[in-house]
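# Overview (structure and organization)
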Amino acid sequence: MSIQRKMQRKNKDQKLIASKNEEAMIAGIIEGSPDAVGVVVIRMECGCRKMAAVDIKGEAASGVIMYRDNAESICEKCKEDNGAFERILAQFFVWEKKDLDGETKKVIYEKVLGAAPIVH
């Protein structure tokens, strides 16, 4: 399966879901962020990822973590531009608190990412 195909994996509701590699990072971020209600995942076209925990107010509950699977560091382009917006392949939330209502999720989503999920 190509990397692009893996990155566009969707569940039956057609929402983006985390890959197995991302799930491990998400679990670590959640563990270190007791106020987190979810983790935002941003996939770059180069294969790098940006993640951060978010609290109920849509504020950062952790620092931004940037990494690349099976690599010692992020790519040179991400080092230069810190993962510029125009190179985003996909962005979505993985919710830790499953009991959040849809309106709260929408408010947090819009505050953090500005709009609906992006999938290119």
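Before any of the text, the structure's been laid out above.
Residues numbered from 1 in each chain as written. Predicted model: local features only at pLDDT ≥ 70, side-chain atom pairs only at ≥ 80, totals over all residues. Heavy atoms only, no water.

### Overview of the overall build of the chain
Check the secondary structure of the chain and you find 4 helices and 5 strands. Here the chain holds 120 residues, and 40% of them are scored as buried. Looking at the chain alone, contacts between residues at least 24 apart form 53% of all its contacts between residues at least 6 apart. Summing over all exposed atoms, the chain offers an accessible surface of approximately 7,400 Å²; the carbon and sulfur share of this is 50%. (Helix = DSSP H or I, 4+ residues; strand = E, 2+ residues; numbered from the N terminus. Buried < 20%, exposed > 50% of the residue type's maximum accessible area, 1.4 Å probe, protein only. Contact = heavy atoms within 4.5 Å. Areas by Shrake-Rupley, 256 points an atom, 1.4 Å probe, with all protein chains shown as cover.)

### Quick notes on the environment of Ala60
Residue position: Ala60 is located in the loop between strand E2 (48-54) and strand E3 (65-68). As for Ala60 and Ser33, which are separated by 27 residues in sequence, their C-alpha atoms are 9.6 Å apart.

### Describing the pattern of salt bridges
Summed over all chains, the structure comprises 7 salt bridges. Between Glu22 and Arg43 there is a salt bridge whose closest N-O contact spans 2.8 Å. Pair noted here: Glu22 is in helix H2 (residues 20-31) and Arg43 is in strand E1 (residues 38-44), with a separation of 21 residues, a long-range link. Through salt bridges with shared partners, a single ionic network connects Glu22, Arg43, Arg49 and Asp69. (Salt bridge = Lys/Arg side-chain N within 4 Å of Asp/Glu carboxyl O.)

### A few points about the state of the cysteines
Here the structure, examined in full by the defined rule, presents 0 disulfides. Free cysteine Cys46: the closest other cysteine sulfur is in Cys75, separated by 3.5 Å. Residue Cys48 stays outside any disulfide, its sulfur separated by 3.7 Å from that of Cys46, the closest cysteine. (Disulfide = S-S within 2.5 Å.)

### Details of the pairing of E2
The buried fraction of E2 amounts to 7 of the 7 residues, a majority that puts the element mostly inside the structure. Of the two faces of E2, the one holding Cys48, Lys50, Ala52 and Val54 and the one holding Arg49, Met51 and Ala53 are both buried throughout. The pairing of E1 with E2 spans 6 bridges and is antiparallel. Looking at E2, one finds that Val40 is bridged to Ala52. Hairpin remark: E1 followed by E2, antiparallel, with 3 residues in the connecting loop; positive phi at Gly47, about 105 degrees. (Pairing = 2+ DSSP bridges.)

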